[in-house]
Amino acid sequence: MELQRPRGTRDFLFEEMRKRKYVEETLRRVFELYGYQEIKTPLFEDLSLFTLKSGEGIMEQIYHFQDKGGRDLALRPELTAPVARLYLNQLQKSPKPIKMYYFGSCFRYERPQAGRFRQFWQLGCELMGGKSPDAEGEVIALAAHCLEELGLEDFEIHIGNLGIIRGILNQAEVSSKLQDQVMAIIDKGEVEELRNFLEDMGLDDSYKNILLELISLQGHREVLKEVERMVGDNSQAKDALLELTGVLNVLDSVGFSNYIVNLGIARGLDYYSGTVFEIYVHGLGAQKQISGGGTYNLIELFGGEEVESTGFAFGFDRVVEALKEQGTDLPLKKVVEVFVAPISPEVRLKSFQIAGRLRKAGIPTETDLAGKKFKKLLSHANNLKAGYVVLVGPRDLEQGQVTVKDMDSGQQELVDLEDVVDVLTERIRG
RNA sequence: GCCGGGGUGGGGUAGGUGGUUAUCCUACGGGACUGUGGAUCCCGCGACUCGGGUUCGAAUCUCGGCCCCGGCCCCA
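Reading the values: rules and limits
Residues numbered from 1 in each chain as written. Chains lettered and ligands numbered in written order. Predicted model: local features only at pLDDT ≥ 70, side-chain atom pairs only at ≥ 80, totals over all residues. Heavy atoms only, no water. Axes fitted to C-alpha atoms, helices over the stretch in contact; angles between N-to-C directions. Helix = DSSP H or I, 4+ residues; strand = E, 2+ residues; numbered from the N terminus. Parallel < 35°, antiparallel > 145°, perpendicular 65-115°, else oblique. Contact = heavy atoms within 4.5 Å. Nonpolar A, V, L, I, M, F, W, Y, C, P; charged D, E, K, R; others polar. Near = heavy atom within 4 Å. Polar contact = N/O pair within 3.5 Å; in protein donor to acceptor, adjacent residues only side chain to side chain. Domains from an automatic or database assignment. Phe/Tyr/Trp six-rings, centres within 6.5 Å; stacked < 30°, edge-to-face > 60°. Buried < 20%, exposed > 50% of the residue type's maximum accessible area, 1.4 Å probe, protein only. Pairing = 2+ DSSP bridges. Patch = residues over 30% accessible without salt bridge, like charges linked within 9 Å, V, L, I, M, F, W, Y side chains within 5 Å. Areas by Shrake-Rupley, 256 points an atom, 1.4 Å probe, with all protein chains shown as cover. Salt bridge = Lys/Arg side-chain N within 4 Å of Asp/Glu carboxyl O. Expected span 1.5 Å × (residues − 1). Core = buried A, V, L, I, M, F, W, Y, C linked by side-chain atoms within 4.5 Å. 1 Å grid on protein atoms, 1.4 Å probe; cavity = no way out; pocket = protein on both sides within 12 Å on 5 of 7 lines; lining within 4 Å. Points joined across faces, edges and corners; volume = space filled by probe spheres on them.

Engineer: What exactly am I supposed to notice about the packing of helix H5 (residues 162–171) against helix H8 (residues 205–216) here?
Structural biologist: Two numbers describe a pair of packed helices, the interaxial angle and the distance between the axes. H8 packs onto H5 with a crossing angle of 175° between their chain directions and a minimal axis gap of 11 Å. As the angle between them shows, H5 and H8 are arranged roughly antiparallel. Across the interface between the two elements, Ile164, Ile165, Ile168, Leu169 and Gln171 of H5 pack against Tyr207, Ile210, Leu211, Leu214 and Ile215 of H8. Here the contact of H5 with H8 is composed, by residue class, of nine nonpolar, one polar and no charged.

Engineer: How should the protein's contact with RNA strand B be read in this particular structure?
Structural biologist: In the vicinity of RNA strand B there are 44 residues, among which Arg108, Arg116, Arg318, Lys373 and Arg395 approach most closely. The share of sugar and phosphate among atoms of RNA strand B within 4 Å of the protein is 50%. One nitrogen or oxygen atom from the main chain of phenylalanine 117 is found 3.2 Å from a base nitrogen belonging to RNA strand B. Interatomic distance of 2.9 Å between a side-chain N/O atom of lysine 405 and a base oxygen of RNA strand B. The element that contributes the greatest number of residues to the surface near RNA strand B is helix H14 (residues 374–383), accounting for six residues. Taken together, the residues of the surface near RNA strand B break down into 12 nonpolar, 17 polar and 15 charged.

Engineer: What should I look at first to understand the domain arrangement of chain A in this one?
Structural biologist: Partitioning chain A into domains gives domain 1 (14–326) and domain 2 (338–429). Taken over C-alpha atoms, the centre of domain 1 sits 52 Å from the centre of domain 2.

Engineer: I'm lost on the packing of aromatic side chains in this one. Help?
Structural biologist: Overall, the coordinates contain 11 aromatic pairs when judged by the stated rule. An angle of 20° between the planes, with centres 5.9 Å apart, marks the rings of phenylalanine 31 and phenylalanine 312 as stacked. One end of the pair, phenylalanine 31, is in helix H1 (residues 14–33); the other, phenylalanine 312, is in strand S12 (residues 309–315), with 281 residues separating them in the sequence. In this pair, the class of phenylalanine 31 matches that of phenylalanine 312, namely buried.

Engineer: Just to check I follow, could you spell out the sheet that holds strand S4 (residues 72–75) for this structure?
Structural biologist: With antiparallel pairing, the three strands of this open sheet are ordered in space as S2-S4-S3. Edge positions in the sheet fall to strand S2 (44–46) and strand S3 (64–66), since each of these pairs with one other strand and no more. The sheet shows a mean angle of 35° between the axes of neighbouring strands, taken without regard to direction. In this structure, S3 lies alongside S4, joined through three bridges in antiparallel fashion.

Engineer: I keep staring at a nonpolar patch on the surface and nothing clicks. Help me out?
Structural biologist: Taken together, Leu43, Phe44 and Phe65 make up a surface patch of nonpolar side chains, about 270 Å² in accessible area. Counting through the fold element by element, leucine 43 comes out in the loop between strand S1 (37–38) and S2. Looking at leucine 43, the relative accessible area reads 40%, which means it is partly exposed.

Engineer: Just to check I follow, could you spell out the pattern of salt bridges for this structure?
Structural biologist: Charged atoms that come close allow side chains of opposite charge to pair. Inspection of the entire model under this criterion finds 24 salt bridges. Note that aspartate 11 and arginine 5 form a salt bridge whose closest N and O atoms lie 3.0 Å from each other. Given a relative accessible area of 46%, arginine 5 falls into the partly exposed group. Taking the shortest distance from any N to any O, the salt bridge between arginine 359 and glutamate 366 comes out at 3.9 Å. When salt bridges that share partners are traced, they join Arg10, Arg20 and Asp317 into one network.

Engineer: I would appreciate a short explanation of H8 in the present structure.
Structural biologist: Look at H8: 17 Å from first C-alpha to last across 12 residues, which is about the 16 Å you get at 1.5 Å a residue. Taken together, the buried residues of H8 touch H5, helix H6 (176–188), helix H7 (191–200), helix H9 (223–231) and strand S9 (259–262).

Engineer: Mind showing me how you'd approach the side chain of glutamate 45 here?
Structural biologist: Tracing the backbone through its elements, the reader meets glutamate 45 in strand S2. When its relative accessible area of 6% is taken as the criterion, glutamate 45 is described as buried. Setting aside its immediate chain neighbours within four residues, glutamate 45 contacts Phe50, Asp72, Leu73, Ala74, Pro82 and Arg85.

Engineer: Is there a simple way to explain helix H4 (residues 134–150) in this structure?
Structural biologist: What sets the pattern is the α-helix's 3.6 residues per turn: residues three or four places apart point alike. An ideal rise of 1.5 Å per residue puts 24 Å on 17 residues; H4 measures up with 24 Å between its terminal C-alpha atoms. Across the 17 residues that make up H4, a large majority, 12, are buried. Taken residue by residue, H4 has Ala135, Glu136, Gly137, Val139, Ile140, Ala141, Leu142, Ala143, Ala144, Cys146, Leu147 and Leu150 as its buried positions. Glycine 151 sits one or two residues past H4 and shows a positive phi near 80°.

Engineer: Would you mind going over the nonpolar core with me for this structure?
Structural biologist: General note: in soluble globular proteins, nonpolar side chains tend to be found buried as a group. Of all hydrophobic cores here, the largest spans 104 residues; its most connected members are Phe31, Ile164 and Phe314. Ranked by the residues each element gives to this core, the list is headed by H4, at 10 residues. If sequence neighbours within four positions are ignored, phenylalanine 31 has contacts with Tyr36, Tyr101, Leu123, Gly124, Cys125, Leu142, Cys146, Phe312 and Phe314. Val390, Val402, Leu417 and Val421 belong to the second largest nonpolar core, which has 17 residues in total.

Engineer: Is there a simple way to explain empty space enclosed by the protein in this structure?
Structural biologist: A probe matching the size of a water molecule, rolled over the atoms, marks out where space remains unfilled. Inspection of every chain in the model, using the stated rule, returns one cavity of 30 Å³ or more. Empty space within the largest cavity amounts to approximately 40 Å³. The biggest single contributor to the lining of the largest cavity is strand S5 (residues 98–107), with three residues. For the lining of the largest cavity, the per-class residue count stands at five nonpolar, two polar and two charged.

Engineer: Can you help me understand the environment of phenylalanine 256 in this one?
Structural biologist: When you line up the elements, phenylalanine 256 lands in the loop between helix H10 (235–253) and S9. The class of phenylalanine 256 is buried, set by a relative accessible area of 8%. Setting aside anything within four residues of it in sequence, one finds phenylalanine 256 in contact with Ala144, Glu148, Phe155, Ile157 and Leu251.

And the structure:
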């Protein structure tokens, strides 16, 4: 085959698309339940939008190119920066809070593997101008609501706050550059590597032990007491802890308490500042994270007026994959409800007429376009999983009737031509 | 960028230490069967990932590319 798909990309066929659409529509519905409005940004942006503040790591993965005018452009590797850009361009003076959601594909030049592609989809949101911790609590509640609505079980929401560890590091007077490196190691979850790194930078033992203990803490809200003991009178860390407590309070009050406090969450992108969270589903191979987000200060970094911003995104493909893995039966729409089958060539136009009326009545309908023999038409209708077949034949037509056949039960009845639409509407909707 | 496993009709496969027409299932088209589907039978369509090398001869051996699967790095 000489015409191949580019590496790391996929074609989606009918069945797959129906699943994806179901997931997409469900997620959109829930986002809208929380008052989010959809936006769309370009697939490519100025390269600098992404190189500016997203950290070094992402650079190597960016698809970038020059257009014919010599502009340096990049296919977006994520959507938070484009949305922040859009906010700066047009929404700074809009009434707050602003709730936006998006669904679109992103591109990263990476080695494909399970749950990782070069083009992948993100469905997420950004909330600008909400106040921590209420805004963060609601955002996490929204994420949980989405997954519950999809029927996904066994997901874990891990919640942390970067301010706690940053507070300790600041108190220990660690430079911000070094702090970023520490955060990167924490994000990896490599405890030994962290221990060695902290030792190499000559960090005081007491700080080192606190940090190591903090990131290994994981559990329900009772771990907050431990944290409180450890941070002592560090005011930045105390504030962060207060914030974290507030987030959990919101979650408890909306009835979602199945979270895990995890201070080892650091996020890969450098612009996160306070509350952060990640959602995992096991059984997805190496790519178990289906979502991540938190509070960030991208707007200030881009030179805008300070505004609290929180957001998160689902790795859409991974959510779909997790549902498949779990074996969830998605309530997928039928391709067509009704197939209108002309029994012989002279009634073909009559079939079109009937199909036309059914379609105008909102019933997905198919009729023969391939000139198949009657018997094949039934077989074809069966393949399409049509619920009903309208048999249009000269014999019935003489009485002004057609035969409506229920494809599940096999039963059929004669129906007057003018009643066909009503009868089928009743059967399908009723 | 690195490591491992792969690539045979549309889908799933057999063959593989070189040798006629490349196996089977399924799907698809037609027929048996001119008003009744999911059954059966018959016929048909259709493939060795690409390029180089070794050879009288390569799907098979060899080198390289491309792509797929899994893992590392990193991330969604």
